[in-house]
Amino acid sequence: MNGKLIVLEGIDGCGKTTQCHLLKDYFMKKGYKTVYTREPGGTFIGEQIRNILLDAKNSNMCRGCEVFLYAAARAQLVAEKIKPSLQKGELVICDRFVDSTLAYQGYGRGISLELLNQVNSFATNGLMPDLVIVLDLSVEESLKRLKKRSCGSDRLERENMLFYESVRKGYLDIARSKNTHVVLDASLSIAELHERILSVVEERLF
Ligand SMILES: Nc1ncnc2c1ncn2[C@@H]1O[C@H](COP(=O)(O)OP(=O)(O)OP(=O)(O)O)[C@@H](O)[C@H]1O
Ligand SMILES: [Mg+2]
C-alpha cells in the first residue's frame, strides 16, 4: 500500500511547524505510522545544507546558489526519507516542499517559474504531495509572531515586507491552480486551525 504525503506551506511564522506537530501527534494516537520532516533539512546531509542557507554570514548568497541548495536538500530528503516512508505505507507530514521554492524564489525573487518547476521535478523525481495545506496569514501578523518567537536572526526573516507580500501572493496563486491544494486562514487560534486542518485531511485523504 502507498502512504500519503501531506505538506504544510505558508510564509515564515504562519504556524506550519506548530500545526505539523499537532497533526503528527493526532495520527500517531490513532495508530498510524507517521513521519514528520522539514525543508530544508530532514536528513543528515539536508540539515547541513539548511545551516548554510539560514546562516546570517551567507547574506551575499546569489539566487542561483540558493535555488540549487534548496533543491539539493530536497533531492536527498525525497530519496532518503519521503519515498521509502511512502513505500512502507506511512503518512508523511512535510513542513514545506516544492511550493516554497516557487513562492520564495519564483514570486519573491523573480526567477522563472518554468525553470523552477524543472529544478523541482528533478529534485523530487516527479513525486508530488497528495495534499498541500497553505496557511495564509498577513505579513504583519506573521512578523509579529516571529518577533514573539524571538528568532529574528535568520537571514530570511530579515527580508523586507514587500518580499513577503509577493511570497504570500505566490502561495495563493499556486493554490488556486491546483486541486491538491487547500488554503486555510492561519489567523485562527492554534486549536481552531488544528480542527480545520483535521477536517480537510479527513475529507481529502481518508
Ligand atoms: N494560530 C496561532 N496563533 C497565534 N500564534 C501562533 C499560532 N500558530 C503558531 N503561533 C506561534 O507563532 C510562532 C511561529 O509559529 P511556527 O514556528 O509554527 O511557524 P512556522 O510557519 O513554522 O515558521 P517558520 O516558517 O519560521 O518555520 C510560534 O511562536 C508559535 O507558537
Ligand atoms: Mg517552522
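Being a predicted model, the structure only gives us computed values, none of them experimental. (Residues numbered from 1 in each chain as written. Chains lettered and ligands numbered in written order. Predicted model: local features only at pLDDT ≥ 70, side-chain atom pairs only at ≥ 80, totals over all residues. Heavy atoms only, no water.)

Pairing is possible between side chains that carry opposite charge, provided their charged atoms lie close to one another. Here the structure, examined in full by the defined rule, presents twelve salt bridges. Across the pair D173 and R176 runs a salt bridge, and its minimum N-O distance is 2.8 Å. Taken as a pair, D173 and R176 lie in helix α7 (residues 161–176) at a separation of three residues, close to a single helical turn. In this structure D173 comes out as partly exposed when scored by relative accessible area, which is 22%. Residue classification places R176 among the exposed positions, given a relative accessible area of 64%. Within the structure, one salt-bridge network assembled from shared partners comprises K33, K88 and E90. (Salt bridge = Lys/Arg side-chain N within 4 Å of Asp/Glu carboxyl O. Helix = DSSP H or I, 4+ residues; strand = E, 2+ residues; numbered from the N terminus. Buried < 20%, exposed > 50% of the residue type's maximum accessible area, 1.4 Å probe, protein only.)

Turning our attention to helix α8 (residues 190–205). Between its first and last C-alpha atoms α8 spans 22 Å; for 16 residues at 1.5 Å apiece the expected length is 22 Å, and the two agree. Every buried residue of α8 is listed here: L193, H194, I197, L198, V200, V201 and L205. Buried residues of α8 fall within an arc of 165 degrees about the axis and therefore sit on the same side. Structural note: α8 exposes A191 and E203 on the side pointing more than 90 degrees away from its buried face. (Expected span 1.5 Å × (residues − 1). Arc of directions from axis to C-beta.)

Let's shift gears to the nonpolar core. Core analysis: the largest hydrophobic core is formed by 55 residues, its most contacted members being L5, L23, I82, I133, L135, I197 and V201. If we skip the residues at most four places from it in the chain, I133 touches V7, L8, E9, V182, L184, I197, V200 and V201. Grouped together as the second largest cluster of nonpolar side chains are six residues, I49, L53, M61 and L69 included. (Core = buried A, V, L, I, M, F, W, Y, C linked by side-chain atoms within 4.5 Å. Contact = heavy atoms within 4.5 Å.)

So, on to the site of ligand 1. With respect to spatial proximity, 16 residues lie near ligand 1, and among them K16, T17, T18, R149 and L188 are the closest. Contact distances for ligand 1 include 3.0 Å between an oxygen atom and a backbone N or O atom of G15. R96 places a polar side-chain atom, nitrogen or oxygen, 3.3 Å from an oxygen atom of ligand 1. When isolated, ligand 1 has an accessible area of 630 Å², and the protein chains bury 76% of it. Elements represented by at least two residues in the shell around ligand 1 include exactly α1 (16–29) and α6 (139–149). Taken together, the residues of the shell around ligand 1 break down into five nonpolar, five polar and six charged. (Near = heavy atom within 4 Å. Polar contact = N/O pair within 3.5 Å; in protein donor to acceptor, adjacent residues only side chain to side chain. Areas by Shrake-Rupley, 256 points an atom, 1.4 Å probe, with all protein chains shown as cover. Nonpolar A, V, L, I, M, F, W, Y, C, P; charged D, E, K, R; others polar.)

Relative to the helices and strands, R50 resides in helix α2 (residues 44–54). Residues R50 and A73 lie 23 residues apart in sequence; the distance between their C-alpha atoms is 7.7 Å. Those residues in contact with R50, other than ones at most four positions away along the chain, are R38, E39, P40 and G41.

Among the five residues that make up strand β2 (residues 34–38), four are buried, leaving the element largely enclosed by the rest of the structure. Bridge count between β2 and strand β3 (residues 91–95): five bridges; the pairing is parallel. By the bridge assignment, V35 is partnered in β3 with V92. (Pairing = 2+ DSSP bridges.)

Turning next to the environment of L143. With respect to the helices, strands and loops of the structure, L143 is situated in helix α6. By relative accessible area, L143 is classed as buried at 19%. A sequence separation of 21 residues divides L143 from F122, and the C-alpha atoms of the two residues are 33 Å apart. Not counting the four nearest positions on each side in its chain, L143 is found in contact with M161 and Y164.

Among the structural elements, E39 can be located in the loop between β2 and α2. Accessibility expressed as a relative area gives 6% for E39, which makes it buried. Here the side chain of E39 touches R74 through a polar contact of 2.7 Å, side chain to side chain. Ignoring any residue separated from it by four or fewer positions in sequence, one finds E39 in contact with R50, R74, L77, C94, D95, R96 and F97.

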